[in-house]
Number of protein chains: 2
Amino acid sequence: MTRTQQERKAETRGRLLDAAAALFASRGIDAVSVDAVAEAAGRTSGAVYAHFGSKQGLLLALLDEWKQSMLTVLFAAVAVAGEPGDQLAAVWESLAGDGAGPGRAWSLLEDELWLRASRDADVAAVLTERNAEARRITARQLAVWALRVGATPVGDAETTATLLRALLRGLELEHRVDPAAVPPATAVLGLATLLGLPPDRQADPPDSHLTTRRP
Amino acid sequence: MTRTQQERKAETRGRLLDAAAALFASRGIDAVSVDAVAEAAGRTSGAVYAHFGSKQGLLLALLDEWKQSMLTVLFAAVAVAGEPGDQLAAVWESLAGDGAGPGRAWSLLEDELWLRASRDADVAAVLTERNAEARRITARQLAVWALRVGATPVGDAETTATLLRALLRGLELEHRVDPAAVPPATAVLGLATLLGLPPDRQADPPDSHLTTRRP
DNA sequence: GCTGATATATAGTTATCGTTATCTAAATGC
DNA sequence: GCATTTAGATAACGATAACTATATATCAGC
């Protein structure tokens, strides 16, 4: 089985990036050695340095090529569910679902990257750019969605997108550590409120007691 | 100057914890060596191991004795400002204020702890407990505040507290990396919405255009 | 096939870190 | 005052990690 050099290089690069993504997500970036990444990719650390120059270079390359974000999961969830209220529940479920599915590991890595960006200007630059794009996309989808279901979000689309994404990230961070602290109804209520979803379009009332107030 | 052993021990312990808090916050836990903590406290690593047994022990002790949380800052901010809208702005300012003040470093450490808790059961246990207490306190204060200013929060006090704290954490995480992405008006709008603050009680309208919608 | 180039493997090197074992000096109790 | 306990200092160990220098395998062009 003979391949061209380009193919060989490209495959190695892909394997290294995939292995890095998986390991970084499951164990945390600092806890993963370059050798571990290389071994998981069926290569050695020499290949990593030939391709990326340093561990940081590997991380930045991974960030650059990373397509799988919060967004993909979210839109998929919305597309599937029917009623607006159910869509919000599906959004939350896709992020916080108890299955140890990939969403969990990815969101963990995303949070770690945000934290790392606070101290690493290179990571911050990449993340800021990606974030702006993600916010734009979210805002556009959100505007369409609001028209369709008759919701009146609290602010303009970009502002609402910022608030939504922040709320989701905050809830998810807490839920991962202390799931009981964030029941699904709480998350859905928060989303529905920011989105200005009229009560009659919200979820069917089996657990509507969670939206009542006891002052 | 002769001191009792208890005093000596207590002072060393305090100095070590203070140094650890400052260094962990500014550089990140993993990036700080035990020797660095000891040196900053005017001691040596031997003292750390005599007191805490391990670096993890130092971290857990720090967590246990940590009084300074998001809450202290928040309530102080509310207490000072006058109008409800201004209070919300003050809350956000105290978290996101551009001053490199201690609030910034502390919130960074808090976020790192939440992340670490996802992979460290001991940290998760401490954090979960602290979190439940913080939520209770927030909920209580929130109920009082809502009555006073005539706000009708979106859910019961505990639910609203959860949503508020999650939103703040998410916004703050984003703001630290990309301040321009989270203008103050956006944060205030989010808080006011979850708190059900009537528009006439919100901030004076110099920048009220930010609360209007362009669909 | 042979040569030059390229991709990856191999084997260090150096530095750092957590931890432990041992030693010293200070305080306590009799 | 002397023995004992205790707080903390000192020095070394062992592991691990990022990175580098060099060797080897693989491919391209002739």
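Residues numbered from 1 in each chain as written. Chains lettered and ligands numbered in written order. Predicted model: local features only at pLDDT ≥ 70, side-chain atom pairs only at ≥ 80, totals over all residues. Heavy atoms only, no water.

Looking now at the overall build of chain A. A count of helical and extended segments in chain A gives 10 helices and zero strands. Moving toward the C terminus, one meets the helices and strands of chain A in the order α-α-α-α-α-α-α-α-α-α. Taken across its 215 residues, chain A has 51% of its residues classed as buried. Considering only contacts in chain A between residues 6 or more positions apart, those separated by 24 or more positions represent 68%. (Helix = DSSP H or I, 4+ residues; strand = E, 2+ residues; numbered from the N terminus. Buried < 20%, exposed > 50% of the residue type's maximum accessible area, 1.4 Å probe, protein only. Contact = heavy atoms within 4.5 Å.)

Taken together, a rotation about one axis and a shift along it account for how the two chain copies relate. Take chain A, turn it by 180°, move it 0.0 Å along the axis, and it overlays chain B with an RMSD of 0.1 Å. Here the two chains are linked by the operation of a two-fold rotation axis. Mapped onto chain B, 96% of the interface residues of chain A are again interface residues, and the two copies thus contact each other with one and the same surface. (Least-squares fit on C-alpha atoms with pLDDT ≥ 70 in both.)

Neighbouring DNA strand C are 21 residues, the closest being T12, T44 and H51 of chain A together with T4 and K55 of chain B. A distance of 3.1 Å separates a phosphate oxygen of DNA strand C from a polar backbone atom of R8 of chain A. K55 of chain B is positioned such that a nitrogen or oxygen atom in its side chain is 2.7 Å from a phosphate oxygen of DNA strand C. Breaking the surface near DNA strand C down by element, the ones donating at least two residues are α1 (5-27) and α3 (45-52) of chain A. Among the residues making up the surface near DNA strand C, the classes are represented as five nonpolar, 11 polar and five charged. (Near = heavy atom within 4 Å. Polar contact = N/O pair within 3.5 Å; in protein donor to acceptor, adjacent residues only side chain to side chain. Nonpolar A, V, L, I, M, F, W, Y, C, P; charged D, E, K, R; others polar.)

All chains considered together, the criterion is met by 20 salt bridges over all chains. Note that E112 of chain A is salt-bridged to R119 of chain B, the shortest N-O span being 3.9 Å. Taken together, the residues E112 of chain A in helix α7 (residues 102-117) and R119 of chain B in the loop between α7 (102-117) and α8 (121-149) connect one chain to another. Residue classification places E112 of chain A among the buried positions, given a relative accessible area of 10%. (Salt bridge = Lys/Arg side-chain N within 4 Å of Asp/Glu carboxyl O.)

Before going further, it helps to spend a moment on α1 of chain A. With 23 residues, α1 of chain A extends 32 Å from end C-alpha to end C-alpha; this agrees with the ideal 33 Å at 1.5 Å per step. For α1 of chain A, the complete set of buried residues consists of T12, L16, L17, A19, A20, A21, L23, F24 and A25 of chain A. (Expected span 1.5 Å × (residues − 1).)

Our focus in this paragraph is the protein's contact with DNA strand D. The full set close to DNA strand D counts 20 residues, and T4 and K55 of chain A together with T12, T44 and H51 of chain B are the nearest of them. Looking at DNA strand D alone, sugar and phosphate atoms form 81% of those within 4 Å of the protein. The contact in question runs from a phosphate oxygen of DNA strand D to an N or O atom on the side chain of K55 of chain A, over 2.7 Å. A distance of 3.0 Å separates a sugar or linking oxygen of DNA strand D from a polar atom in the side chain of R8 of chain B. At the level of secondary structure, the elements contributing two or more residues to the surface near DNA strand D comprise α1 of chain A together with α1 (5-27) and α3 (45-52) of chain B.

Turning to the interface of chain A and chain B, a few remarks are in order. Counting residues at the interface gives 47 residues for chain A and 46 residues for chain B. For the pair chain A and chain B, the two sides together bury roughly 4,200 Å², of which 65% comes from carbon and sulfur. The largest share of the area that chain A buries against chain B comes from L115, R119 and V177 of chain A, three residues that together contribute 15% of it. Counting across the chain A and chain B interface gives four salt bridges. The salt bridge partner of E174 of chain A is R135 of chain B, with a shortest N-O separation of 3.5 Å. Listed by contribution, the elements that provide at least two residues to the side of chain A that touches chain B are α1, α7, α8 (121-149), α9 (157-177) and α10 (184-195) of chain A. Per-element tally for the side of chain A that touches chain B: the top contributor is α9 of chain A, with 12 residues. (Buried area = accessible area lost by both parts, 1.4 Å probe.)

A few words on the confidence of the model for chain A. Chain-level statistics for chain A give a pLDDT mean of 88 and a share of 87% at 70 or above. Here residues 205-215 of chain A is modelled with pLDDT under 50, and outside its nearest four sequence neighbours on either side it reaches 12 contacts, counting other chains as well. (pLDDT = per-residue confidence, 0-100.)

Residues and elements named next belong to chain A. Once the domains are mapped, chain A shows domain 1 (1-53) and domain 2 (60-209). Each partner contributes to the interface: domain 1 provides 10 residues, whereas domain 2 provides nine residues. For domain 1, the biggest contributors to the area lost against domain 2 are L17, A25 and I29; these three give 55% of the whole. Along the contact surface separating domain 1 from domain 2 lie two salt bridges. With a shortest N-O distance of 2.8 Å, R116 and D30 are connected by a salt bridge. Taken together, the connections running from domain 1 to domain 2 amount to three residue pairs in polar contact (both at pLDDT 80 or more). With six residues, α1 is the single largest residue contributor to the side of domain 1 that touches domain 2. Partitioning the side of domain 1 that touches domain 2 into residue classes produces seven nonpolar, one polar and two charged. (Domains from an automatic or database assignment.)

Next up on the list: the side chain of T186 of chain A. With respect to the element layout, T186 of chain A can be found in helix α10. The class for T186 of chain A is buried, based on a relative accessible area of 4%.

All names here are of chain A. Viewed as axis vectors pointing N to C, α1 and helix α4 (residues 55-64) meet at an angle of 90°, and their least axial separation amounts to 10 Å. Viewed along their axes, α1 and α4 adopt a mutual orientation that is roughly perpendicular. Each of R13, L16, L17, A20, A21 and F24 in α1 lies in contact with α4, whose residues at this interface are K55, L58, L59, A61 and L62. Its residues placed into classes, the contact of α1 with α4 shows nine nonpolar, no polar and two charged. (Axes fitted to C-alpha atoms, helices over the stretch in contact; angles between N-to-C directions. Parallel < 35°, antiparallel > 145°, perpendicular 65-115°, else oblique.)

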